[in-house]
Amino acid sequence: MKLLHSCLGGAVALGVLVAPSVSEAASTRLGLGADYWIDHGASFQATLGFDTRLVGPLDLGARFGLAFVPDEDTVGIPIDLTLRANLNRRFYVEGLVGPWILFEGDTFRTHAALGFGVKSGALSFGAEVGYLNPDPTVGLRLSYRF
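Model, not experiment: these values are computed from the prediction.

What counts, and where the lines are drawn
- Residues numbered from 1 in each chain as written.
- Predicted model: local features only at pLDDT ≥ 70, side-chain atom pairs only at ≥ 80, totals over all residues.
- Heavy atoms only, no water.
- Helix = DSSP H or I, 4+ residues; strand = E, 2+ residues; numbered from the N terminus.
- Buried < 20%, exposed > 50% of the residue type's maximum accessible area, 1.4 Å probe, protein only.
- Contact = heavy atoms within 4.5 Å.
- Areas by Shrake-Rupley, 256 points an atom, 1.4 Å probe, with all protein chains shown as cover.
- Polar contact = N/O pair within 3.5 Å; in protein donor to acceptor, adjacent residues only side chain to side chain.
- Core = buried A, V, L, I, M, F, W, Y, C linked by side-chain atoms within 4.5 Å.
- Pairing = 2+ DSSP bridges.
- Axes fitted to C-alpha atoms, helices over the stretch in contact; angles between N-to-C directions.
- Phe/Tyr/Trp six-rings, centres within 6.5 Å; stacked < 30°, edge-to-face > 60°.
- Lys NZ or Arg CZ within 6 Å of the ring centre and 35° of its normal.
- pLDDT = per-residue confidence, 0-100.

Let us now look at the overall build of the chain. Secondary structure assignment for the chain yields 1 helix and 8 strands. Reading the helices (α) and strands (β) of the chain from amino to carboxyl end gives α-β-β-β-β-β-β-β-β. Across the 146 residues in the chain, those meeting the buried criterion constitute 34%. The long-range share in the chain, meaning contacts at least 24 apart out of those at least 6 apart in sequence, stands at 41%. As displayed, the chain offers around 8,600 Å² of accessible surface, 71% of which is attributable to carbon and sulfur atoms.

Structure (C-alpha coordinates):
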(Lines give C-alpha, C1' and ligand atoms only; values in the text may rest on other atoms or scores of the structure.)
Protein backbone atom coordinates (compact mmCIF):
# COMPACT_ATOMS: atom_id res chain seq x y z
CA MET A 1 0.00 0.00 0.00
CA LYS A 2 2.87 2.38 0.80
CA LEU A 3 4.38 1.61 -2.60
CA LEU A 4 1.09 2.50 -4.30
CA HIS A 5 0.91 5.84 -2.43
CA SER A 6 4.54 6.60 -3.34
CA CYS A 7 3.91 5.85 -7.02
CA LEU A 8 0.76 7.97 -7.07
CA GLY A 9 2.54 10.82 -5.29
CA GLY A 10 5.41 10.66 -7.78
CA ALA A 11 2.99 10.66 -10.72
CA VAL A 12 1.15 13.71 -9.35
CA ALA A 13 4.45 15.55 -8.75
CA LEU A 14 5.61 14.75 -12.30
CA GLY A 15 2.27 15.94 -13.68
CA VAL A 16 2.58 19.25 -11.82
CA LEU A 17 6.11 19.75 -13.17
CA VAL A 18 5.27 19.14 -16.83
CA ALA A 19 1.82 20.77 -16.90
CA PRO A 20 1.60 24.24 -18.41
CA SER A 21 1.54 27.00 -15.81
CA VAL A 22 -1.40 28.64 -17.55
CA SER A 23 -4.23 26.82 -19.23
CA GLU A 24 -3.58 27.19 -22.95
CA ALA A 25 -5.91 26.22 -25.75
CA ALA A 26 -4.58 24.70 -28.92
CA SER A 27 -3.65 27.26 -31.54
CA THR A 28 -4.51 27.03 -35.21
CA ARG A 29 -2.20 28.13 -38.02
CA LEU A 30 -2.97 28.86 -41.64
CA GLY A 31 0.20 28.54 -43.70
CA LEU A 32 1.70 28.97 -47.15
CA GLY A 33 4.94 27.34 -48.25
CA ALA A 34 7.23 27.09 -51.25
CA ASP A 35 10.03 24.56 -51.60
CA TYR A 36 12.69 23.71 -54.11
CA TRP A 37 12.78 19.93 -54.34
CA ILE A 38 16.15 18.94 -55.86
CA ASP A 39 15.67 17.21 -59.26
CA HIS A 40 11.87 17.63 -59.05
CA GLY A 41 11.46 21.42 -59.15
CA ALA A 42 9.22 23.67 -57.11
CA SER A 43 6.50 22.64 -54.71
CA PHE A 44 3.83 24.94 -53.26
CA GLN A 45 1.68 24.20 -50.22
CA ALA A 46 -1.31 25.61 -48.37
CA THR A 47 -1.58 24.09 -44.90
CA LEU A 48 -3.69 24.10 -41.77
CA GLY A 49 -1.89 23.31 -38.54
CA PHE A 50 -2.79 22.78 -34.91
CA ASP A 51 -0.45 22.83 -31.94
CA THR A 52 -0.63 22.87 -28.18
CA ARG A 53 1.86 23.50 -25.38
CA LEU A 54 3.64 20.29 -24.45
CA VAL A 55 6.01 21.41 -21.70
CA GLY A 56 8.04 24.57 -21.14
CA PRO A 57 8.76 26.20 -24.51
CA LEU A 58 7.78 23.10 -26.55
CA ASP A 59 4.66 22.87 -28.70
CA LEU A 60 3.45 19.60 -30.21
CA GLY A 61 1.26 19.72 -33.28
CA ALA A 62 0.35 18.60 -36.74
CA ARG A 63 -0.14 20.24 -40.10
CA PHE A 64 -1.80 19.03 -43.28
CA GLY A 65 -2.96 20.59 -46.50
CA LEU A 66 -2.67 20.65 -50.23
CA ALA A 67 0.55 20.64 -52.26
CA PHE A 68 1.11 21.32 -55.95
CA VAL A 69 4.25 20.11 -57.78
CA PRO A 70 4.21 21.78 -61.23
CA ASP A 71 7.20 19.93 -62.73
CA GLU A 72 5.53 16.58 -62.02
CA ASP A 73 2.06 17.99 -62.84
CA THR A 74 0.60 16.54 -59.67
CA VAL A 75 -1.05 17.50 -56.40
CA GLY A 76 -0.69 15.91 -53.02
CA ILE A 77 -1.52 16.00 -49.34
CA PRO A 78 1.35 16.93 -47.02
CA ILE A 79 0.93 15.59 -43.48
CA ASP A 80 3.50 16.41 -40.77
CA LEU A 81 3.85 15.95 -37.04
CA THR A 82 5.60 19.03 -35.60
CA LEU A 83 7.64 19.74 -32.51
CA ARG A 84 8.37 23.48 -32.09
CA ALA A 85 10.73 25.06 -29.57
CA ASN A 86 9.82 28.68 -28.92
CA LEU A 87 13.22 30.16 -28.07
CA ASN A 88 11.62 33.40 -26.91
CA ARG A 89 8.77 35.57 -28.15
CA ARG A 90 10.56 36.19 -31.48
CA PHE A 91 12.34 33.01 -32.62
CA TYR A 92 11.47 29.34 -33.08
CA VAL A 93 13.07 26.08 -34.22
CA GLU A 94 10.95 23.12 -35.26
CA GLY A 95 11.26 19.56 -36.42
CA LEU A 96 8.75 17.98 -38.80
CA VAL A 97 8.19 14.42 -39.95
CA GLY A 98 5.40 12.66 -41.81
CA PRO A 99 4.11 11.18 -45.03
CA TRP A 100 3.32 13.27 -48.09
CA ILE A 101 0.78 11.63 -50.37
CA LEU A 102 1.29 12.50 -54.05
CA PHE A 103 -1.20 11.44 -56.71
CA GLU A 104 1.39 10.63 -59.42
CA GLY A 105 4.45 8.36 -59.31
CA ASP A 106 5.43 7.08 -55.87
CA THR A 107 2.29 7.81 -53.86
CA PHE A 108 3.73 7.86 -50.34
CA ARG A 109 6.85 9.99 -49.79
CA THR A 110 8.71 10.36 -46.51
CA HIS A 111 9.18 13.97 -45.38
CA ALA A 112 11.51 15.12 -42.59
CA ALA A 113 12.70 18.69 -42.05
CA LEU A 114 14.18 21.24 -39.68
CA GLY A 115 12.64 24.70 -39.72
CA PHE A 116 13.59 27.96 -38.05
CA GLY A 117 12.22 31.46 -38.17
CA VAL A 118 10.91 34.62 -36.56
CA LYS A 119 7.54 35.49 -35.07
CA SER A 120 5.83 38.86 -34.91
CA GLY A 121 2.48 38.71 -33.19
CA ALA A 122 0.34 36.18 -35.03
CA LEU A 123 2.67 36.00 -38.06
CA SER A 124 5.58 33.59 -38.44
CA PHE A 125 8.12 33.59 -41.26
CA GLY A 126 10.81 30.98 -41.62
CA ALA A 127 12.98 28.68 -43.67
CA GLU A 128 13.00 24.92 -43.81
CA VAL A 129 15.64 22.41 -44.92
CA GLY A 130 14.72 18.80 -45.24
CA TYR A 131 14.19 15.66 -47.22
CA LEU A 132 11.24 14.58 -49.34
CA ASN A 133 11.90 11.12 -50.71
CA PRO A 134 14.07 10.75 -52.79
CA ASP A 135 15.80 14.18 -52.61
CA PRO A 136 16.59 17.12 -50.30
CA THR A 137 14.42 20.25 -50.16
CA VAL A 138 14.83 23.88 -49.10
CA GLY A 139 11.91 26.18 -48.61
CA LEU A 140 10.17 29.18 -47.11
CA ARG A 141 7.13 29.28 -44.83
CA LEU A 142 4.64 31.97 -43.84
CA SER A 143 1.90 31.28 -41.30
CA TYR A 144 -0.78 33.14 -39.43
CA ARG A 145 -1.89 31.95 -35.98
CA PHE A 146 -5.52 32.53 -35.02
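Next comes the rest of the write-up.
Assignment of secondary structure puts R29 in strand β1 (residues 27-37). On the accessibility criterion, R29 (11% relative accessible area) is buried. Within polar-contact distance, the side chain of R29 engages the side chain of D51 at 3.0 Å. Excluding residues within four positions of it along the chain, R29 makes contact with T47, L48, G49, D51, R84, S124, S143, Y144, R145 and F146.

As a further point, take the nonpolar core. Core analysis: the biggest nonpolar cluster contains 5 residues, these being W37, V69, W100, L102 and L132. When neighbours within four sequence positions are excluded, W37 is seen to be in contact with V69, E72, L102, R109, L132, N133, P134, D135, P136 and T137.

This next bit is on the sheet that holds strand β4 (residues 74-86). Strand order in the closed barrel formed by 8 strands is β1-β2-β3-β4-β5-β6-β7-β8, with antiparallel pairing between adjacent strands. On average, each strand axis in the sheet is tilted by 25° relative to the strand beside it, whichever way the strands run. Bridge count between β1 and strand β8 (residues 135-145): 9 bridges; the pairing is antiparallel. Of the residues in β8, the one forming a bridge with Y36 is V138.

Moving on: the packing of aromatic side chains. The tally for this structure, following the rule as stated, stands at 2 aromatic pairs. Measuring from centroid to centroid gives 6.4 Å for Y144 and F146, while their planes differ by 20°, and the two rings are stacked. On the accessibility criterion, Y144 (43% relative accessible area) is partly exposed. Owing to a relative accessible area of 56%, F146 belongs among the exposed residues under this scheme. Above the ring of Y92, the side-chain terminus of R84 is found at 3.8 Å from the ring centroid.

So, on to the pairing of strand β2 (residues 41-55). Across a regular strand the side chains alternate sides, sitting on one face of the sheet and then on the other. Note: β1 against β2, 11 bridges, orientation antiparallel. Counted as the bridge partner of R29 is G49 from β2. Where β1 hands over to β2, the hairpin turn is made up of 3 residues, of which D39 adopts a positive phi near 65°. As paired strands, β2 and strand β3 (residues 58-69) are joined by 11 bridges and run antiparallel to one another.

The next point concerns the confidence of the model for the chain. The pLDDT averaged across the chain works out to 86; a share of 84% of its residues lies at or above 70. Here residues 1-21 is a poorly scored stretch, pLDDT under 50, and it has 3 contacts once near neighbours within four places are set aside; other chains count.

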